[in-house]
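Here are the chains, one letter per residue:
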Amino acid sequence: MFVELASIPFGATVTIEGDVNDTEFLKDILSSDPIGAFHYTLVCSKMEEKLMANLTVKGKVYARCDLCGEETEAPCFSDLDECFTPDDEEYDIEKNGYNLDKFLQDCISLSLPREVRCKPDCKGLCLKCGVNLNKNACRCHETLIGDNNPFGALQDIIKNGGAKNGSTKK
Ligand SMILES: [Zn+2]
Ligand SMILES: [Zn+2]
């Protein structure tokens, strides 16, 4: 992505939008599988030879839920502000403009979500038996109450000698 200073009128902001479709390129930057293209929006203005740039990137990747480990689609987003000057390596004196490929690449790599959830109310895995609680219920919780909870005895009474799980008491 190259921005020529001549293409930006004085005192104006220019918006450049586009898609990064190259899956291999995205995969390299993100170390995850992208789902479709990543969309970018660059809003820039100039002051003398300087370029003020705001870049946002939006996309989606396949990722594993932090809580249950299931594969899910995770939204990616990032928003970077930068002021480039002719001292920066992005500046091209011949074309009097800035090459923002690296800026775009940085923005994409920063767009990965910090936390991944398969759904907002993911129940995660049971810490005891490892079952995915979104899919199956497990009985660990009940057992835990029976074994360690001071009210365990009370629960035995409530269960009223169902004796199904062979209480070790008495
Ligand atoms: Zn989950
Ligand atoms: Zn369990």
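Residues numbered from 1 in each chain as written. Chains lettered and ligands numbered in written order. Predicted model: local features only at pLDDT ≥ 70, side-chain atom pairs only at ≥ 80, totals over all residues. Heavy atoms only, no water.

## Here we look at the pairing of strand β5 (residues 71-84)
Reasoning step 1: Where strand β4 (residues 50-64) lies against β5, 14 bridges are found, and the strand directions are antiparallel. Looking at β5, one finds that Lys58 is bridged to Phe77.
Reasoning step 2: With antiparallel pairing between neighbouring strands as the criterion, β4 and β5 make up a hairpin whose turn holds six residues, including Gly69 at a positive phi of roughly 80°. (Pairing = 2+ DSSP bridges. Helix = DSSP H or I, 4+ residues; strand = E, 2+ residues; numbered from the N terminus.)

## What about the sheet that holds strand β6 (residues 91-92)?
Reasoning step 1: Pairing within the open sheet is antiparallel, and its three strands lie in the order β1-β7-β6. Strand pairing shows two members of the sheet lacking a second neighbour, β1 (2-4) and β6, which therefore form its edges.
Reasoning step 2: Pairing geometry for β1 and strand β7 (residues 97-99), over three bridges, is antiparallel. Across the sheet, Val3 pairs through a bridge with Tyr98, a residue of β7.

## Quick word on the coordination of the zinc ion (ligand 2)
Four donors placed tetrahedrally about a metal ideally form angles of 109.5 degrees, and six donors placed octahedrally ideally form angles of 90 or 180 degrees.
Reasoning step 1: Only Cys126 (SG), Cys129 (SG), Cys138 (SG) and Cys140 (SG) from the protein coordinate the zinc ion (ligand 2), and they sit 2.2 to 2.3 Å from it.
Reasoning step 2: Taken together, the four donor atoms coordinating the zinc ion (ligand 2) and their angles of 106 to 115° define a geometry best described as tetrahedral.
Reasoning step 3: Residue class for Cys138 comes out partly exposed when judged on its relative accessible area of 24%. (Donors = N, O, S within 2.8 Å, 3.2 Å for Na, K, Ca; no water. Tetrahedral: all angles 85-135°; square planar, octahedral: opposite > 155°, others 65-115°. Buried < 20%, exposed > 50% of the residue type's maximum accessible area, 1.4 Å probe, protein only.)

## Side note on the pattern of salt bridges
Reasoning step 1: Counted according to the given criterion, the structure contains six salt bridges.
Reasoning step 2: Where Lys27 meets Asp33, a salt bridge forms, and the shortest distance between an N and an O atom there is 3.3 Å.
Reasoning step 3: What makes Asp33 partly exposed here is its relative accessible area of 36%.
Reasoning step 4: In this structure, the salt-bridge partner of Glu73 is Lys60, at a minimum N-O distance of 3.3 Å. Note that Glu73 is positioned in strand β5 and Lys60 in strand β4, a separation of 13 residues in sequence.
Reasoning step 5: A residue is classified by how much of its surface remains accessible, and Glu73, at 42% relative accessible area, is partly exposed.
Reasoning step 6: Put simply, Asp66, Glu115 and Arg117 are held in one network by salt bridges that share partners. (Salt bridge = Lys/Arg side-chain N within 4 Å of Asp/Glu carboxyl O.)

## Considering the packing of aromatic side chains
Reasoning step 1: All chains considered together, the criterion is met by three aromatic pairs.
Reasoning step 2: Ring geometry for Tyr91 versus Tyr98: centroids 5.1 Å apart, planes at 55°, classification tilted. For the residue pair Tyr91 and Tyr98, the accessibility class agrees, reading buried in each case.
Reasoning step 3: Linked through ring pairs, Phe84, Tyr91, Tyr98 and Phe103 together constitute an aromatic cluster.
Reasoning step 4: Between Lys46 and the ring centre of Phe10, over which it is positioned, the NZ or CZ distance is 4.4 Å.
Reasoning step 5: Over the aromatic face of Phe2 sits the side chain of Lys95, whose NZ or CZ is 4.7 Å from the ring centroid. (Phe/Tyr/Trp six-rings, centres within 6.5 Å; stacked < 30°, edge-to-face > 60°. Lys NZ or Arg CZ within 6 Å of the ring centre and 35° of its normal.)

## Let's talk about the coordination of the zinc ion (ligand 1)
Reasoning step 1: Of the protein atoms, only Cys65 (SG), Cys68 (SG), Cys118 (SG) and Cys122 (SG) coordinate the zinc ion (ligand 1), at distances of 2.3 to 2.4 Å.
Reasoning step 2: One can describe the donor arrangement at the zinc ion (ligand 1) as tetrahedral, given that its four donor atoms subtend angles of 104 to 116° at the metal.
Reasoning step 3: For the zinc ion (ligand 1), the single-chain donor residues occur in sequence as C-x2-C-x49-C-x3-C. Taken together, the positions of Cys68 in the loop between β4 and β5 and Cys118 in the loop between α2 (101-109) and α3 (140-148) put the pair 50 residues apart, joining distant regions of the chain.

## Points about the nonpolar core
Reasoning step 1: Ranked by internal contacts, the top residues of the largest apolar core, which has 29 residues, are Phe38, Leu42, Leu51, Leu55, Leu100, Leu104 and Ile108.
Reasoning step 2: Among the secondary structure elements, those contributing two or more residues to this core are α1 (23-30), β3 (38-47), β4, β5 and α2.
Reasoning step 3: Top contributing element to this core by residue count: β4, with six residues.
Reasoning step 4: Discounting residues that sit within four places of it in the chain, Leu104 has contacts with Met1, Val20, Tyr40, Leu55 and Val57. (Core = buried A, V, L, I, M, F, W, Y, C linked by side-chain atoms within 4.5 Å. Contact = heavy atoms within 4.5 Å.)

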